[in-house]
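One letter stands for each residue in the lines below.
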Amino acid sequence: MQQNPIRRDGSRVSYGSPVQESALATNKVLRSTYMLLSMTLLFSAAMAGVSMALQLPFFGPIVTLVGYFGLLFLTTKMRNSTAGIICVFALTGFMGLTLGPLLSAYMENIPNGGELIMTALGSTGFVFLGLSAYAVKSQKDFSFMGGFLMVGMLGLLAVIIMGLFIDLSAFQMAISAGIVLLMGAMILYQTSAIIHGGETNYIMATVSLYVALYNIFINLLMLLGGSRN
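Residues numbered from 1 in each chain as written. Predicted model: local features only at pLDDT ≥ 70, side-chain atom pairs only at ≥ 80, totals over all residues. Heavy atoms only, no water.

## As for the side chain of Ser192
Piece 1. As for its position among the elements, Ser192 is in helix H6 (residues 172-195).
Piece 2. Dropping the residues within four chain positions of it, Ser192 is found in contact with Lys140, Asp141, Phe142 and Ser143. (Helix = DSSP H or I, 4+ residues; strand = E, 2+ residues; numbered from the N terminus. Contact = heavy atoms within 4.5 Å.)

Okay, structure coming up:
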C-alpha cells in the first residue's frame, strides 16, 4: 500500500491536502511555462528565418518598442483566456521578425558571423538551463530581487530612449554586459516565483522568460562581435 509523503518535520502529508495540491499546481505551471516557452522560441526562430529570407530592413527602435509594448499590453489583458496564447505567439513572432535583420547583418558583414550567432545561441541556452536548474534544485526564494529588477528594467528603458537621441555606441559593450546580468537575474527571479507560487499564470511567466532569453542572445551576440557595428 502506498504511504503518504513525509514533510521535513516528520509529519505525513495526506493525499488531497492543501500542501500537495499547491505542489501539483506549481509543477503544472512550471511544465506549462516550459512547454509554451519552447514552442514560442521555435516560432520566433521561424519568423526570424522568414525575415531573413524576405530581407526585411531594420524595424527601428520606435516601431519595435510600439509593437512590443502594444502586443505585451494585449497579452497581459488576455492572459487568463485562450486568446492569451495567441497573443504570446503574436508577440514572440513579432520579436522574431525584428531579429531577422540583425542576423542578416552579421551573416553578410562579418566573416565569422554565422559562427558568432551559433555561439551566442548556445551560450544563451547554457545560461538559461544553468540558472533554471539552480533555481529549481536549490528551491531558494529570489523574490528579494524584485526591487532590483524593477530599477534595472526602468534603467534599461531609459538607456533605450537616450539611444534615440544620443550616440551610446562607445558604451555598448558595458551596456550589453549589464543587460546580460540583468536578464540572468530575471530568469532566477521568474523561475523562483513559479516554484514558490508567486507566479501562477504560465502565459505571463513565458513572456518574462522569453524576453530575458531574447535580450541575452542579442547582447551576447554584440559582446562576441566586439566593437564591430
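The discussion continues.
## A word on the packing of aromatic side chains
For any pair of aromatic rings, the description consists of the separation of the ring centres together with the inter-plane angle of the planes.
Piece 1. Under the definition given, this model contains 7 aromatic pairs.
Piece 2. With a centroid separation of 5.0 Å and an interplanar angle of 70 degrees, the aromatic rings of Tyr68 and Phe69 are classed as edge-to-face.
Piece 3. When the ring of Tyr134 is compared with that of Phe142, the centres are 6.2 Å apart and the planes differ by 55 degrees; the resulting orientation is tilted.
Piece 4. Looking at Tyr134, the relative accessible area reads 40%, which means it is partly exposed.
Piece 5. The class of Phe142 is buried, set by a relative accessible area of 8%. (Phe/Tyr/Trp six-rings, centres within 6.5 Å; stacked < 30°, edge-to-face > 60°. Buried < 20%, exposed > 50% of the residue type's maximum accessible area, 1.4 Å probe, protein only.)

## Structural notes on unusual backbone geometry
Piece 1. Unlike most non-glycine residues, Gln55 shows phi in positive territory, near 55 degrees.
Piece 2. With respect to the secondary-structure elements, Gln55 resides in the loop between helix H1 (18-53) and helix H2 (61-77).
Piece 3. Look at Gln139: it is not a glycine, yet its phi comes out positive at around 60 degrees.
Piece 4. Positionally, Gln139 belongs in the loop between helix H4 (113-138) and helix H5 (146-163).

## A few points about the nonpolar core
Nonpolar side chains tend to gather and get buried jointly when the protein is soluble and globular.
Piece 1. One finds Met95, Leu99, Leu103, Tyr106, Ile187, Phe217 and Leu221 to be the most contacted residues of the largest nonpolar core, which totals 44 residues.
Piece 2. Residue assignment for this core shows that the elements contributing at least two residues are H1, H2, helix H3 (83-109), H4, H5, H6 and helix H7 (202-224).
Piece 3. By residue number, the principal contributor to this core is H7, which donates 13 residues.
Piece 4. In contact with Leu221, other than residues within four places in its own chain, are Leu102, Leu103, Tyr106, Leu116, Ile117 and Ala120. (Core = buried A, V, L, I, M, F, W, Y, C linked by side-chain atoms within 4.5 Å.)

## Observations regarding the packing of H2 against H7
Piece 1. Viewed as axis vectors pointing N to C, H2 and H7 meet at an angle of 155 degrees, and their least axial separation amounts to 10 Å. With respect to H7, the axis of H2 lies roughly antiparallel. With respect to the hand of their crossing, H2 and H7 are arranged in left-handed fashion. On the side of H2, the interface is formed by Tyr68, Leu72, Thr75 and Thr76, while H7 contributes Ile203, Met204, Val207 and Val211.
Piece 2. Residue classes in the contact of H2 with H7 are distributed as 6 nonpolar, 2 polar and no charged. (Axes fitted to C-alpha atoms, helices over the stretch in contact; angles between N-to-C directions. Parallel < 35°, antiparallel > 145°, perpendicular 65-115°, else oblique. Left-handed = near helix turned anticlockwise from the far one by under 90°. Nonpolar A, V, L, I, M, F, W, Y, C, P; charged D, E, K, R; others polar.)

## Re the environment of Val180
Piece 1. By the element assignment, Val180 lies in helix H6.
Piece 2. For Val180, a relative accessible area of 17% translates into the label buried.
Piece 3. Separated by 53 residues in the primary sequence, Val180 and Val127 place their C-alpha atoms 9.8 Å from one another.
Piece 4. Sequence-distant contacts of Val180, that is, excluding residues within four places in its chain, are made with Ile216, Asn219, Leu220 and Leu223.

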